[in-house]
Amino acid sequence: VGDRVLQGFVQTCLDAIRPYDDVARVGGEEFMVLLPRADPDAALAVGERIRSAIASTPFAREIGRSVSITVSIGISQFGKDGHTIDALLRAADQRLYRAKRRGRNCVIAA
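Criteria and thresholds
- Residues numbered from 1 in each chain as written.
- Predicted model: local features only at pLDDT ≥ 70, side-chain atom pairs only at ≥ 80, totals over all residues.
- Heavy atoms only, no water.
- Helix = DSSP H or I, 4+ residues; strand = E, 2+ residues; numbered from the N terminus.
- Polar contact = N/O pair within 3.5 Å; in protein donor to acceptor, adjacent residues only side chain to side chain.
- Phe/Tyr/Trp six-rings, centres within 6.5 Å; stacked < 30°, edge-to-face > 60°.
- Buried < 20%, exposed > 50% of the residue type's maximum accessible area, 1.4 Å probe, protein only.
- Lys NZ or Arg CZ within 6 Å of the ring centre and 35° of its normal.
- Salt bridge = Lys/Arg side-chain N within 4 Å of Asp/Glu carboxyl O.
- Expected span 1.5 Å × (residues − 1).
- Contact = heavy atoms within 4.5 Å.
- Pairing = 2+ DSSP bridges.
- Core = buried A, V, L, I, M, F, W, Y, C linked by side-chain atoms within 4.5 Å.
- Axes fitted to C-alpha atoms, helices over the stretch in contact; angles between N-to-C directions.
- Parallel < 35°, antiparallel > 145°, perpendicular 65-115°, else oblique.
- Left-handed = near helix turned anticlockwise from the far one by under 90°.

### Here's the deal with the side chain of Thr12
Okay, so step 1: Within the element layout of this structure, Thr12 appears in helix H1 (residues 2-16).
Okay, so step 2: Among the polar contacts made by the side chain of Thr12, one reaches the main-chain carbonyl oxygen of Gly8 at a distance of 2.8 Å.

Written out as structure tokens, the structure reads:
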């Protein structure tokens, strides 16, 4: 079931982003969405679109039951939050955990 949920999660993310954006797995249940040329407002809008789509999508229905999940999202920006992937991931991770502390199922951009 876990693999089906992860596959559905990725597909839902791909359906919510622009054709030139991308999704990559960072760790077990952590993913990053790359949004080239997206300003902070656009990134926040995409994050909200993903969050809403994930919360309203039943996953793993093909196995005879559905699984509901939510997502907490932390947004970072190249330049403002650093110039290396490590710095960007660190900033996004800090915001992700802030979203979790706020009750989960939300997007934190700053």
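### Points about the packing of aromatic side chains
Okay, so step 1: Summed over the entire model, instances satisfying the criterion amount to one aromatic pair.
Okay, so step 2: Between Phe9 and Phe31 the ring centres are 5.0 Å apart and the planes differ by 45 degrees, which places this aromatic pair in the tilted class. Placement of the pair is Phe9 in helix H1 and Phe31 in strand S2 (residues 31-34), with a sequence separation of 22 residues.
Okay, so step 3: A relative accessible area of 10% means that Phe9 is categorised as buried.
Okay, so step 4: Since its relative accessible area comes to 22%, Phe31 is described here as partly exposed.
Okay, so step 5: Looking at Arg37, its charged tip hangs above the ring of Tyr20, at a distance of 5.0 Å from the centre.

### Describing the pattern of salt bridges
Pairing is possible between side chains of opposite charge, provided their charged atoms come close.
Okay, so step 1: On inspection of all chains with the given rule, the structure shows three salt bridges.
Okay, so step 2: The partner of Arg18 in a salt bridge is Asp21, with the nearest N and O atoms 2.8 Å apart.
Okay, so step 3: For Arg95, the salt bridge is made with Asp81, and the minimal N-O distance between the two is 2.9 Å. In this pair, Arg95 sits in helix H3 (residues 85-101) while Asp81 sits in the loop between strand S3 (73-74) and H3, placing the two residues 14 residues apart along the sequence.

### A word on H3
Okay, so step 1: The terminal C-alpha atoms of H3, which comprises 17 residues, lie 24 Å apart, in line with the 24 Å expected from a rise of 1.5 Å per residue.
Okay, so step 2: Among all positions of H3, only Ala87, Leu88, Ala91, Ala92, Arg95, Leu96 and Ala99 are buried.
Okay, so step 3: Buried residues belonging to H3 abut S3 and strand S4 (107-108).
Okay, so step 4: One or two positions beyond H3, positive phi appears at Gly103, with a value near 115 degrees.

### Details of the pairing of strand S1 (residues 22-25)
Okay, so step 1: Across four bridges, S1 lies against S2 in antiparallel orientation. Bridge pairing in S2 links Asp22 to Leu34.

### Digging into the nonpolar core
Okay, so step 1: Formed by 17 residues in total, the largest nonpolar core has its most connected members in Cys13, Ile50, Ile54 and Ile73.
Okay, so step 2: Taken together, the elements giving at least two residues each to this core come down to H1 and helix H2 (40-55).
Okay, so step 3: In contact with Ile73, other than residues within four places in its own chain, are Gly47, Ile50, Arg51, Arg95, Leu96, Ala99, Cys106, Val107 and Ile108.

### Observations regarding the packing of H1 against H2
Okay, so step 1: H2 packs onto H1 with a crossing angle of 140 degrees between their chain directions and a minimal axis gap of 9 Å. In terms of orientation, H1 lies oblique with respect to H2. As for how H1 packs across H2, the hand of that crossing is right-handed. In contact with Phe9, Thr12, Cys13 and Ala16 of H1, H2 contributes Arg49, Ile50, Ala53 and Ile54.

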